[in-house]
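What follows is each chain in one-letter form.
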Amino acid sequence: MANLLWLQGGACSGNTMSFLNAEEPSACDLVTDFGINVLWHPSLGLELGEGVHKLLRDCVSGEIPLDIFVFEGTVVNAPNGTGNWNRFAGRPMKDWVRELSEAAQFVVAIGDCATWGGIPATAPNPSESSGMQFLKRDRGGALGAGFVSKAGLPAINIPGCPAHPDWVTQILVAVATGRAGDLKLDEFQRPATFFTSFTQTGCTRNMHFAYKVSATEFGQRKGCLFYDLGCRGPMTHSPCNRILWNRQSSKTRAGMPCLGCTEPEFPFFDLMPGTVFKTQTMMGVPKDMPTGVAKTGYIKLTAAAKAAAPAWAEQDIFVV
Amino acid sequence: MAEDSQASGADESRRETIRKLLDAGLDVEAFPRCDSHEQVQAVVRRLQGLDANDLPGRLVVAGVTNFTVEHPEAELAQPCETCMYYLVHRNYCELPELDIPVEPDWSCRLWRI
């Protein structure tokens, strides 16, 4: 049996909504099949008021062994570093976060807000939000760069806006069943099994990417969304086209450009007007290249690929 | 098939009209090239403000030329044939605000790769 506690900071509850829709395994499977005891969760917990307060105190003191501490949302530090804009159970949430993280065997940060600050931490960051161990790309965050939990791991970051439900439940199962040692984390403490390939990996528009055929308007079933509509699939690490959403689809399959929500810089360009859903260029060349591609090589490849493009690549082949 | 043929004929007719306008010395705004995103957006907004039937106006604002322009600073040739909006098999610019038949060696200042 592994005790799990889930708290929310500066959050929209999107990751909770996502978690409750998990299928492989489901949130119920965690309890019935994998021995996870949910001590409390904002949407599922039974205790109220003093009952929650006591539970949290018991977790901090060790009276209740805390195996997994899950945090969703940013750690709010406003105003002036006090954290009083986000009080919970009688004190700033950030104080609970620090003490519970120190008491837990494993700490799991769910969603962009908990991992790197996400949308709340976008400049000018009025809530003085940060992630658990990062603020955007900078190490540190609420727990500090050197933090490791009792089991010896840093916070396990599962980013996304929201995180895919199965990324969450599969990592929780791995931790709860004693297989945390199998988890390889990347430089941003993301499980490598999910965040090594790209969003583009498995995208149904890859043939259009290869032949440099662009989608120029939303709703087009032909064309790649990278060239004009701001898709970040070629430079975003996520398995969104390998582990499909609702077991059905993905943003790019549905014609929606990837926003790069599993990367620390999300939302990109601080949401300046004109930067969302539009590929940013400099002298006609994309500012952000597909990962690992150099500008000169890109230009040469594009010319060759366009010249070689077959007629079908310029047509809608997903006919109904 | 008949529809494709009609579209091809209509494209060729419009391409010929554009060719004649450019050969006659239509004073297009080929420079400055749209180097930044803001410049691109400014030109696109001007195109969106034009009457849908104002073909010469679109050519002028987009800076369409019947020859390839090389970007002066980037030393980068900017022909239609390498542009992301160009349909190779139709010889056509698919940028919604331009939407014109072109030739591979033509050019405009909204070129993007």
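Here the residue numbering is sequential within each chain, running from 1 through the sequence in written order. Chain labels run from A onward and ligand labels from 1 onward, assigned in the order the entries are written. Only residues with pLDDT of at least 70 are given local features in this predicted model, and only at 80 or more are side-chain atom pairs given and counted; all residues enter the totals for whole chains, interfaces and linings. Processing note: side-chain calculations cover all non-hydrogen atoms of the structure and skip hydrogens and water entirely.

> Just to check I follow, could you spell out the interface of chain A and chain B for this structure?
Interface extent is often summarised as the accessible area lost during association of the parts. Between two residues, a contact is recorded if the distance between any of their heavy atoms is within 4.5 Å. On the side of chain B, 26 residues touch chain A, which itself brings 27 residues to the contact. Computed with a 1.4 Å rolling probe, the buried area is the accessible surface lost when two parts are put together, summed over both parts. Taken together, both faces of the contact between chain A and chain B bury some 2200 Å²; the carbon and sulfur share is 59%. Broken down residue by residue, the surface that chain A buries against chain B is led by Met 283, Lys 306 and Glu 314 of chain A, which jointly contribute 32%. Any carboxyl oxygen of Asp or Glu within 4 Å of a side-chain nitrogen of Lys or Arg constitutes a salt bridge here. The interface formed by chain A and chain B contains 2 salt bridges. The residue Lys 222 of chain A makes a salt bridge to Glu 94 of chain B at a minimum N-O spacing of 3.1 Å. Helix and strand assignments come from DSSP, with helices taken as H or I runs of at least 4 residues and strands as E runs of at least 2, each series counted from the N terminus. Elements with a minimum of two residues in the side of chain A that touches chain B: β12 (281–282), β13 (285–286) and α9 (295–308) of chain A. Examining the composition of the side of chain A that touches chain B, we find that 5 residues originate from one element, α9 of chain A, more than from any other.

> Can you help me understand the nonpolar core in this one?
Nonpolar side chains in soluble globular proteins tend to end up buried together. Here, nonpolar core means buried Ala, Val, Leu, Ile, Met, Phe, Trp, Tyr and Cys residues that are tied together by side-chain atoms lying within 4.5 Å of each other. For every residue, the accessible area obtained with a 1.4 Å probe (protein chains only) is divided by the maximum for its type, and the residue is called buried under 20%, exposed over 50%, and partly exposed between those limits. Membership of the largest hydrophobic core comes to 45 residues, with the highest contact counts inside it found for Phe 226 and Tyr 298 of chain A together with Val 64, Leu 98, Ile 100 and Leu 110 of chain B. Elements supplying a minimum of two residues to this core: α9 of chain A together with α1 (2–23), α2 (37–48) and α3 (55–62) of chain B. Ranked by residues supplied to this core, first place goes to α3 of chain B with 5 residues. In contact with Phe 226 of chain A, not counting residues within four places along its chain, are Phe 209, Cys 231, Pro 234, Met 235, Thr 279, Pro 286, Asp 288, Pro 290 and Tyr 298 of chain A. Core analysis: the next-biggest nonpolar cluster, separate from the first, contains 28 residues, Ala 27, Ile 156, Val 173 and Val 175 of chain A among them.

> Explain the packing of α2 of chain B against α3 of chain B to me, please; I cannot follow it from the model alone.
Helix packing geometry: the angle between the two helix axes and the distance between the axes. Residue and element names in this part refer to chain B. Under this scheme, a helix contributes an axis fitted over its contacting stretch, all axes are lines through C-alpha atoms, and angles between N-to-C directions fall in the 0 to 180 degree range. At a closest axis distance of 10 Å, the pairing of α2 and α3 adopts a crossing angle of 170°. Relative to α3, the element α2 is oriented roughly antiparallel. In this structure, α2 uses Val 43, Arg 46 and Leu 47 to contact α3, whose residues at the interface are Arg 58, Val 61 and Ala 62. Throughout, the ten residues Ala, Val, Leu, Ile, Met, Phe, Trp, Tyr, Cys and Pro are labelled nonpolar, Asp, Glu, Lys and Arg are labelled charged, and all others, Gly among them, are labelled polar. For the contact of α2 with α3, the residue count by class is 4 nonpolar, no polar and 2 charged. Our angle categories are set so that under 35 degrees counts as roughly parallel, over 145 as roughly antiparallel, 65 to 115 as roughly perpendicular, and the remainder as oblique.

> Explanation requested: the domain arrangement of chain A in the structure shown.
All names here are of chain A. Where each domain begins and ends follows an automated or database-derived domain assignment. Looking at chain A, the domain boundaries give domain 1 (2–194) and domain 2 (197–313). Look at where the C-alpha atoms of domain 1 and domain 2 centre, and you get two points 31 Å apart. Each partner contributes to the interface: domain 1 provides 24 residues, whereas domain 2 provides 18 residues. Of the roughly 1800 Å² buried at the junction of domain 1 and domain 2 (both faces included), carbon and sulfur atoms supply 55%. Linking domain 1 with domain 2 are 4 salt bridges, by the criterion used here. Here Glu 24 ties to Arg 247 by a salt bridge, and the two come within 3.8 Å at their closest N and O atoms. Residues adjacent in sequence count toward polar contacts only when both atoms are side-chain atoms; beyond that, a polar contact is any pair of N or O atoms within 3.5 Å, and within protein one must be able to donate a hydrogen and the other to accept it. Scanning the region where domain 1 abuts domain 2 turns up 9 residue pairs in polar contact (both at pLDDT 80 or more). Contributing elements (two or more residues each) for the side of domain 1 that touches domain 2: α5 (111–116), α6 (165–176) and α7 (192–195).

> What am I meant to see in helix α3 (residues 50–61) of chain A here?
Owing to its 3.6 residues per turn, the α-helix aligns residues three or four sequence positions apart on the same side. Residue and element names in this part refer to chain A. A helix is expected to span 1.5 Å multiplied by its residue count minus one. In a regular helix each residue adds 1.5 Å, so 12 residues correspond to 16 Å; α3 covers 16 Å between its end C-alpha atoms and thus fits that length. Turning to α3, its buried residues are Val 52, Leu 55, Leu 56, Asp 58 and Cys 59. Viewed along the axis of α3, the buried residues span an arc of 160°, placing them on a single side of the element. Where the residues of α3 are buried, they touch β1 (2–8), β2 (36–40), β5 (87–88) and α4 (93–103). Immediately downstream of α3, the backbone of Gly 62 shows phi near 95°, a positive value. It is the directions from the helix axis to the C-beta atoms whose arc is reported.

> Even after reading the chapter, I still don't get the state of the cysteines, so can you show me in this structure?
A covalent bond bridging the sulfur atoms of two cysteines is what the word disulfide describes. All names here are of chain A. Here, a disulfide means two cysteine sulfur atoms that sit within 2.5 Å of each other. On inspection of all chains with the given rule, the structure shows 0 disulfides over all chains. Not engaged in a disulfide, the cysteine Cys 203 finds its nearest cysteine sulfur in Cys 231; these two sulfurs lie 6.7 Å apart. By relative accessible area, which is 11% here, Cys 203 ends up buried. Unpaired in this structure, Cys 240 has its nearest cysteine sulfur neighbour in Cys 261, at a distance of 6.3 Å.

> Sorry if this is basic, but what is going on with the packing of aromatic side chains here?
By convention here, two paired aromatic rings are described through the distance between centres and the angle between planes. All names here are of chain A. Any two rings among Phe, Tyr and Trp, with Trp reduced to its six-membered ring, count as a pair given centres within 6.5 Å; such a pair is stacked if its planes are under 30 degrees apart, edge-to-face if over 60, and tilted if neither. Counted according to the given criterion, the structure contains 15 aromatic pairs over all chains. Between Trp 167 and Phe 195 the ring centres are 5.2 Å apart and the planes differ by 80°, which places this aromatic pair in the edge-to-face class. Of the two residues, Trp 167 sits in helix α6 while Phe 195 sits in helix α7, which places them 28 residues apart along the sequence. Each member of the pair, Trp 167 as well as Phe 195, is classed as buried. Look at Trp 167 and Trp 245: their rings are 6.1 Å apart centre to centre, the planes differ by 75°, and that puts the pair in the edge-to-face class. Placement of Trp 167 in helix α6 and of Trp 245 in the loop between α8 (206–210) and β12 is noted, with a sequence separation of 78 residues between them. Criterion for a charge above a ring: Arg CZ or Lys NZ at most 6 Å from the ring centre, at most 35 degrees from the ring normal. Over the ring of Phe 209 we find Lys 212, and its NZ or CZ is 4.5 Å from the ring centre. The ring centre of Phe 268 lies 3.6 Å from the NZ or CZ of Arg 232, which sits over that ring.

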